[in-house]
Amino acid sequence: MGRRATPEVNAGSMADIAFLLLIFFLVTTTIEKDKGIARQLPPIEPPTEEPPLIKQKNLFIVNVNKDDQLLVEDELMQLKDLKQAAIEFLDNGGAPAGSPEYCSYCKGKRSPSSSDNPDKAVISVQNDRLTSYKMYIAVQNELVAAYNHLRDRESERLYGWKFTDVSRAINEGTFQGNEEAAKEKLEVIQKLFPLKLSEAEPKTKAQ
Amino acid sequence: MSKFKKKKGGEIPAVNTASLPDIVFMLLFFFMVVTVLRDTDLLVKNELPKADQVEKLKKDRAVFIYAGKPSSRYQDKFGTEGRVQIGDKYTDISNIGLALEEARRKLRPELQDKVYVALKVDGETNTGLVSDIKQVLRERNLLKIMYITTPGNELVSN
């Protein structure tokens, strides 16, 4: 009967060790969630092909110079006014009633000198090589905001929810309900206001 | 002789800390799982511009391009002109294509066709450099890009 009971391992310092590891991982963790503005670059066209002609009135030219100043349709503009100007241009719906290009859902001024309909309207961003990237992104951001504003408006009118909310929910996988049907509806809205942002290559001095 | 001893005095019993290691371990495992150790060393200054109309980047199908001024400790050697970094080293504009191809091959095979090029460019960089990168991407037929930004708005902060 001389068996000794094995002594229990002292687990008192376990917490300390675990804490040490915990603190290490706490410090090194960077929960990175990269977000950004997605773009599709135009493929390189064969040089023989003529670029499609766009009527002057369907073109909204945003020019950013090397000092980060904005020239919108030949007028100097502040960045904060750009979104509204872009919305007015896209939403104009200048094609006369009855013509095949008539835009029934546009709520703009219907000025004949501005864009025919959102499908025809093209926003062209031209920038100098010395434009700062910060300004470039800010301009892109405002233009996307203009599109999102109009898409939200149309999706609220047609379906009663906001385009941006639903597309974000689907992207994050938190959407409740029929995802396929919602995606189809998103596409309908996208067709109403297709994102037509042309990024010209910056003009070289030689041209 | 009573069977039930009376409690000695009215002292407050010590808090039982036996479950403390368990709690700490749970936290530890959480952080171990979510931790992504940085695999690339930044050689360039990288203060991203602000934007709020953003989408999420799907990380499993992205290759990263960094661009900006060389960080202060590299400026003696590489100057202050904007430079491009892919992976762990500076890359020339003309070599971007090859470096990207290399980075793309590390992705999962089924995602290699859906690759997104994530541009992490410093806000102070000239847009000319970005245009050069975009031109190379077009030649390489890597047409899906994403300008990575930080949350915020340029208008509000100014």
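Residues numbered from 1 in each chain as written. Chains lettered and ligands numbered in written order. Predicted model: local features only at pLDDT ≥ 70, side-chain atom pairs only at ≥ 80, totals over all residues.

Asks: Run through the environment of Tyr-147 of chain A, naming residues and quoting values.
Replies: All names here are of chain A. Of note, Tyr-147 is situated in helix 3 (residues 133-158). The exposure class of Tyr-147 is buried, given the 24 C-beta atoms found within 10 Å. If near-sequence neighbours (up to four positions away) are discounted, Tyr-147 is found in contact with Phe-193 and Leu-195. (Helix = DSSP H or I, 4+ residues; strand = E, 2+ residues; numbered from the N terminus. Buried ≥ 20, exposed ≤ 12 C-beta atoms within 10 Å, placed from the backbone. Contact = placed C-beta atoms within 7 Å.)

Asks: Before we move on, could you go through the interface of chain A and chain B and cite the residues and values that matter?
Replies: Tallying the contact residues gives 44 residues for chain A and 48 residues for chain B. Secondary structure elements with two or more residues in the side of chain A that touches chain B: helix 1 (14-28), strand 1 (35-40), helix 2 (79-90), helix 3 and helix 4 (163-172) of chain A. Residues of the side of chain A that touches chain B, tallied by class, amount to 23 nonpolar, 11 polar and 10 charged. Strand direction decides the pairing type here: strand 1 of chain A and strand 7 (residues 144-151) of chain B, joined by six bridges, are antiparallel. Bridge pairing in strand 7 of chain B links Ile-37 of chain A to Tyr-147 of chain B. (Nonpolar A, V, L, I, M, F, W, Y, C, P; charged D, E, K, R; others polar. Pairing = 2+ DSSP bridges.)

Asks: Please set out the nonpolar core residue by residue, giving values where relevant.
Replies: One recurring pattern in soluble globular proteins: nonpolar side chains tend to sit buried together. Counting 56 residues, the largest nonpolar core has Val-117, Leu-119 and Ile-133 of chain B as its most contacted members. No other element matches the 12 residues that helix 3 of chain A contributes to this core. In contact with Val-117 of chain B, other than residues within four places in its own chain, are Val-63, Ile-65, Leu-137, Leu-142, Lys-144 and Ile-145 of chain B. (Core = buried A, V, L, I, M, F, W, Y, C linked by C-beta atoms within 7 Å.)

Asks: Account for unusual backbone geometry, naming residues and giving values.
Replies: Although it is not a glycine, Asp-74 of chain A adopts a positive phi angle of roughly 65 degrees. For Asp-74 of chain A, the position within the fold is in the loop between strand 3 (70-72) and strand 4 (75-77). By the C-beta count within 10 Å, which is 7 here, Asp-74 of chain A ends up exposed. For Asn-141 of chain B, which is not glycine, the phi dihedral falls at a positive 60 degrees.

Asks: Provide a residue-level description of the sheet that holds strand 5 (residues 122-127) of chain A, including the pertinent values.
Replies: Residues and elements named next belong to chain A. Strand order in this open sheet of five strands is 4-3-2-5-6, and the pairing throughout is mixed. Every interior strand has two partners, whereas the edge strands, strand 4 and strand 6 (197-199), have only one. If you compare each strand with its neighbour and ignore which way they point, the axes differ by 25 degrees on average. Relative to strand 5, strand 2 (residues 59-64) runs parallel, the two being bridged by six bridges. Bridge pairing links Leu-59 to Val-122 in strand 5. Those strands touched by helix 3 are strand 2, strand 5 and strand 6, and its axis lies near 155 degrees from that of strand 2. (Axes fitted to C-alpha atoms, helices over the stretch in contact; angles between N-to-C directions.)

Asks: Can you lay out the pairing of strand 4 (residues 83-86) of chain B for me, pointing to particular residues and giving the numbers?
Replies: Residue and element names in this part refer to chain B. In strand 4, alternate side chains face the same way, and those of Arg-83 and Gln-85 on one face and Val-84 and Ile-86 on the other are all buried. Strand direction decides the pairing type here: strand 3 (residues 62-68) and strand 4, joined by three bridges, are antiparallel. Bridging from a neighbouring strand, Gly-68 pairs with Arg-83 of strand 4. Note: strand 4 against strand 5 (residues 89-91), three bridges, orientation antiparallel. Across the sheet, Val-84 pairs through a bridge with Thr-91, a residue of strand 5. Hairpin connection of strand 4 to strand 5: two residues between the antiparallel strands, including Gly-87 at a positive phi of 65 degrees.

Asks: Could you give me a rundown of the confidence of the model for chain A, with the residues and numbers involved?
Replies: Per-residue confidence for chain A averages 81 on the pLDDT scale, and 91% of its residues sit at or above 70. Looking at the elements of chain A, mean pLDDT is at its lowest for strand 6 of chain A, recorded as 76, and at its highest for helix 3 of chain A, recorded as 88. (pLDDT = per-residue confidence, 0-100.)

Asks: Describe the environment of Leu-28 of chain B, listing the residues and the values that go with them.
Replies: For Leu-28 of chain B, the position within the fold is in helix 1 (residues 20-34). Considered as a pair, Leu-28 of chain B and Asn-126 of chain B are 98 residues apart in the sequence and their alpha carbons are 43 Å apart. Sequence-distant contacts of Leu-28 of chain B, that is, excluding residues within four places in its chain, are made with Ala-18, Leu-21, Leu-22 and Phe-25 of chain A.

Asks: Which residues make up the environment of Val-188 of chain A, and what values do they have?
Replies: Residues and elements named next belong to chain A. Along the polypeptide, Val-188 turns up in helix 5 (residues 179-192). A residue is classified by how many C-beta atoms lie within 10 Å of it, and Val-188, with 13 of them, is partly exposed. Separated by 34 residues in the primary sequence, Val-188 and Glu-154 have C-alpha atoms spaced 9.9 Å apart.

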